[in-house]
Amino acid sequence: MKYSALKGVQDILPPDIYTWQRVESAAREVFSYYGYQEVRTPIIESTAVFARSIGETTDIVEKEMYTFSDKAGRSITLRPEGTATVVRAYVEHYLHNLPSPQKFFYSGPMFRYERPQMGRFRQFSQIGVEAFGVSAPEIDAEMLSMVHVLLGRLGLMELTFELNSIGCETCRPSFMRSLVSFFSVKLTDLCPDCKRRYAVNPLRILDCKVNRCIEMKQSAPRVSDYLCSECTHHFGQVLSRLAALGIPHMRNTNLVRGLDYYTRTTFEVTTEHLGSQKAVVAGGRYNRLVEEFGGPPTPAIGFALGMERLVTLLKDREDTVVPSPDVFIAALGERAITEGFFIAERLRARGLWIEAAYDGSSLKSQLRRADRLAVRYALLIGDDELDSGRVKWKNLRDSSQGEVELDRLEEFVSSLFSDKRS
Ligand code: HAM
């Protein structure tokens, strides 16, 4: 019986894994400059955690969640995103009692039952951050600057930073009234989903992907025209901080995002290189969510970057740097194989990556293998070498070679790699 992975999920294998690791370690490092601490939250939650926060009438909750009943009949959902989970943890563990701001990052798999295509998977990985307790526009700009620094470090400078403000509980109602009255005369032309959205959550019509709805929304009222003075001021400050930092960005008045919890600033960092899946990074403010989860009023903002999308962009532009072993021990004969085994262990204890041949194949085939692995040095051990107490070494990059006494071997090999450990 031969099995294959499910549709919309993927195995991440070498050499791709090295690009993943490069992104992960760059993110860790850059986030640490900004004071983000790692949190690891469960992959499963009560369904209500996501349904209430992301919104009952969003595509994610309506169509895309992996929801099942556990053996006790509880409704459980595989997390489709990280924000709701982190907010649940923030409130559950009273992290709001700690000095503000609290800044967290997380990474790991998310699950959405979407139609798979380039850049869109059913299991995908996000690295996300959430900052709690700051309402000032500086944190919005700081977060976008952090994304800019991270992408710059990865060599991705040409992505577009798109921003919008979708207002707050003061200004959103008048926008919603205009939106409802705009669509009320177009109801018959809306797709069946949007007809339903019109009744329960008209804002969601704005992220419908059906062509005739996309066309209609071109002339729909824009939330940017309805912002209250506080939201206008906040957004203006965010934009001016970004300009002062020299971070190129554009205002996209259509950017409403597909999750209900956002207030004020929303943003996406987009590319034209991934077909219709343009957003590589996406996020925004969610100033009401902590309270909705039973915590005190707490302003918050965050984003998540899609690993698969980012890695695809990186792979398209660079050869993956694959690490290679330091030393290959080629052993001829049983005695040499055994000695090679012990030498390998002793050299590994000195922090070197050692590959050793235990298969008794010819020297030629062992060296071919070493070559394929792009090893730097080979040690050649056979009966003669063991008898004479001297081992041959060969630099496989420049073909220089020599001999070293067996009892000085570890020290000698170590000295060849002194740069590696300094
Ligand atoms: P989101 O826009 O749903 O936001 O997802 C963020 C990013 O995850 C997207 O821009 C994309 O790169 C990636 N992504 C989403 N769905 C898929 C998929 N099916 N396949 C591959 N990649 C995907 C959130 O998840 C929010 N929690 C972000 C946030 C954090 N807002 C505030 N804090």
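One structure accompanies this document, and this report is about it. Keep in mind the model is a prediction, meaning the values are calculated, not measured. (Residues numbered from 1 in each chain as written. Predicted model: local features only at pLDDT ≥ 70, side-chain atom pairs only at ≥ 80, totals over all residues. Heavy atoms only, no water.)

## Quick notes on the nonpolar core
This is how it is decided: What is meant by a nonpolar core is a set of buried Ala, Val, Leu, Ile, Met, Phe, Trp, Tyr and Cys residues, joined one to another through side-chain atoms within 4.5 Å. Using a 1.4 Å probe on the protein chains alone, a residue whose accessible area is under 20% of its type maximum counts as buried, one over 50% counts as exposed, and one in between counts as partly exposed. Contact between two residues is taken to exist if any of their heavy atoms lie within 4.5 Å; hydrogens are not considered.
In terms of nonpolar packing, the biggest core is built from 51 residues, with Phe132, Leu179, Phe183 and Leu206 touching the most fellow members. Apart from the residues lying within four places of it in its own chain, the contact partners of Phe132 are Val86, Val87, Tyr90, Ser100, Pro101, Gln102, Phe104, Tyr286, Val290, Thr298, Pro299 and Ala300. Ranked by size, the runner-up nonpolar core spans 43 residues in total, among them Met143, Leu159, Phe235 and Val238.

## Observations concerning the pairing of strand 12 (residues 327-331)
For clarity, the threshold we go by: For the purposes of this entry, the term helix denotes a DSSP run of H or I that reaches at least four residues, the term strand denotes a run of E that reaches at least two, and both are numbered from the N terminus. Only strands that DSSP links by at least two bridges are regarded as paired with each other. Assignment of crossover handedness uses the view with strands pointing away from the viewer, where a clockwise path from the first strand over the helix to the second indicates a right-handed crossover.
With respect to burial, strand 12 is a largely interior element, five of its five residues being buried. Taking every second residue as pointing to the same face, both faces of strand 12 are buried, with Val327, Ile329 and Ala331 on one and Phe328 and Ala330 on the other. In the sheet, strand 12 pairs with strand 13 (residues 354-356) via three bridges, with the strands oriented parallel. Residue Phe328 lies in a different strand from strand 13, and its bridge partner there is Glu355. Taking the sense of rotation as the criterion, the β-α-β connection linking strand 12, helix 12 (residues 334-348) and strand 13 turns out right-handed.

## Looking at the pairing of strand 6 (residues 123-132)
Buried residues dominate strand 6, accounting for nine of its 10 residues. Looking at chain direction, strand 5 (residues 102-111) and strand 6 are connected through 10 bridges and run antiparallel. Residue pairing in the sheet places Phe111 in a bridge with Gln123 of strand 6.

## Overview of the sheet that holds strand 3 (residues 67-69)
Let me state the cut-off plainly: The axes used here are C-alpha line fits, helices contributing only the stretch in contact, and every angle between their N-to-C directions lies in the interval 0 to 180 degrees.
Spatially, the three strands line up as an open sheet ordered 2-4-3, and their pairing is antiparallel. Each edge of the open sheet carries a strand with a single partner, namely strand 2 (44-46) and strand 3. For this sheet the average axis-to-axis angle between neighbouring strands, irrespective of direction, equals 35 degrees. Bridge analysis of strand 3 against strand 4 (residues 75-78) gives three bridges, and the strand direction is antiparallel. Among the inter-strand pairings, Phe68 is bridged to a residue of strand 4, identified as Ile76. The strands that helix 2 (residues 47-54) touches are strand 2, strand 3 and strand 4; relative to strand 2, the one it contacts most, it runs at about 75 degrees.

## Notes on a nonpolar patch on the surface
Quick reminder of the rule: Residues enter patches when their relative accessible area tops 30% and they take part in no salt bridge; the joining distance is 9 Å for like charges and 5 Å for the nonpolar side chains Val, Leu, Ile, Met, Phe, Trp and Tyr. Where accessible areas are quoted, they stem from the Shrake-Rupley method and a 1.4 Å probe; at the residue level, only the protein chains shown are allowed to cover. Salt bridges, as used here, are contacts in which a Lys or Arg side-chain nitrogen is within 4 Å of a carboxyl oxygen on Asp or Glu.
Judged by side-chain polarity, Ile43, Ile44 and Phe68 come together as a nonpolar surface patch covering roughly 250 Å² of accessible area. Among the structural elements, Ile43 can be located in the loop between strand 1 (37-38) and strand 2. When its relative accessible area of 33% is taken as the criterion, Ile43 is described as partly exposed.

## What about helix 2?
Burial analysis of helix 2 places six of its eight residues in the buried class, which makes it a mostly covered element. Those residues of helix 2 lying buried are Thr47, Val49, Phe50, Ala51, Ser53 and Ile54. Summarising the contacts, the buried residues of helix 2 are in contact with strand 2, helix 3 (59-64), strand 3, strand 4, helix 4 (83-92) and helix 10 (289-292). Among the residues trailing helix 2, Gly55 stands out with phi positive, at a value near 115 degrees.

## Let's talk about empty space enclosed by the protein
How we decide: Buriedness of a pocket was judged along seven lines, with at least five required to meet protein on both sides within 12 Å; pockets are open sets of points on a 1 Å grid over the protein atoms alone, cavities are sets where a 1.4 Å probe fits but cannot get out, and lining residues have an atom within 4 Å of a point. Grid points are joined across faces, edges and corners, and a volume is the space filled by probe spheres set on the points. Under the grouping applied here, Gly and all other residues not named as nonpolar or charged are polar, the nonpolar ones being Ala, Val, Leu, Ile, Met, Phe, Trp, Tyr, Cys and Pro and the charged ones Asp, Glu, Lys and Arg.
All told, the structure shown has two cavities of 30 Å³ or more when counted by the stated rule. In this structure, the largest cavity is lined by Phe175, Leu206, Lys217, Ala220, Pro221, Arg222, Val223, Thr253, Asn254 and Val256. Of the residues belonging to the lining of the largest cavity, the class tally is six nonpolar, two polar and two charged. In this structure, the second largest cavity is lined by His148, Leu151, Gly152, Leu156, Met157 and Phe161. Sorting elements by how many residues they give to the lining of the second largest cavity places helix 5 (residues 137-153) first, with three residues. Partitioned by chemical class, the residues of the lining of the second largest cavity number four nonpolar, two polar and no charged.

## Remarks on the site of the ligand
For clarity, the threshold we go by: Proximity is defined per residue: any heavy atom of the residue falling within 4 Å of a molecule or strand makes that residue near it. Polar contacts, as counted here, are pairs of nitrogen or oxygen atoms within 3.5 Å of one another; within protein the pair requires one atom able to donate a hydrogen and one able to accept it, and residues that are adjacent in sequence qualify only if both atoms are side-chain atoms.
Around the ligand, the structure places 25 residues, and the nearest of them are Glu81, Thr83, Glu114, Glu130 and Tyr262. One of the backbone N or O atoms of Ala279 is found 3.0 Å from an oxygen atom in the ligand. When the ligand is considered free in solution it has 660 Å² of accessible area, and contact with the protein chains removes 96% of it. Residue assignment for the shell around the ligand shows that the elements contributing at least two residues are strand 6, strand 10 (279-285) and strand 11 (300-306). The element best represented in the shell around the ligand is strand 10, accounting for five residues. Partitioning the shell around the ligand into residue classes produces 11 nonpolar, seven polar and seven charged.

## Quick word on the sheet that holds strand 1
Spatially, the eight strands line up as an open sheet ordered 1-5-6-11-10-9-7-8, and their pairing is mixed. Bordering the open sheet on either side are strand 1 and strand 8 (250-251), each of which pairs with just one other strand. Relative to strand 11, strand 10 runs antiparallel, the two being bridged by five bridges. When the sheet's bridge partners are listed, Ala282 is paired in strand 11 with Ala304. Where helix 5 meets the sheet, its contacts fall on strand 5, strand 6, strand 7 (160-165), strand 9 (263-270), strand 10 and strand 11, and the angle it forms with strand 11 comes to roughly 20 degrees.

## Describing the packing of helix 1 (residues 16-33) against helix 11 (residues 307-317)
Note the cut-off: Working definition: roughly parallel below 35 degrees, roughly antiparallel above 145 degrees, roughly perpendicular at 65 to 115 degrees, and oblique for all remaining angles. Left-handed is the label given to a crossing in which the near helix is rotated counterclockwise from the far helix by less than a right angle, and right-handed is the label when the rotation is clockwise.
Orientation of helix 1 relative to helix 11, taken along the N-to-C sense of each, is 115 degrees, at an axis distance of 10 Å. The orientation of helix 1 relative to helix 11 falls into the category roughly perpendicular. Our pair here, helix 1 against helix 11, has a crossing hand that is right-handed. Contacts from Asp16, Thr19, Trp20, Arg22, Val23 and Glu24 of helix 1 reach helix 11 at Met307, Glu308, Leu310, Val311, Leu314 and Lys315. Of the residues assigned to the contact of helix 1 with helix 11, the class counts are six nonpolar, one polar and five charged.

Geometric values such as these leave the question of function open.
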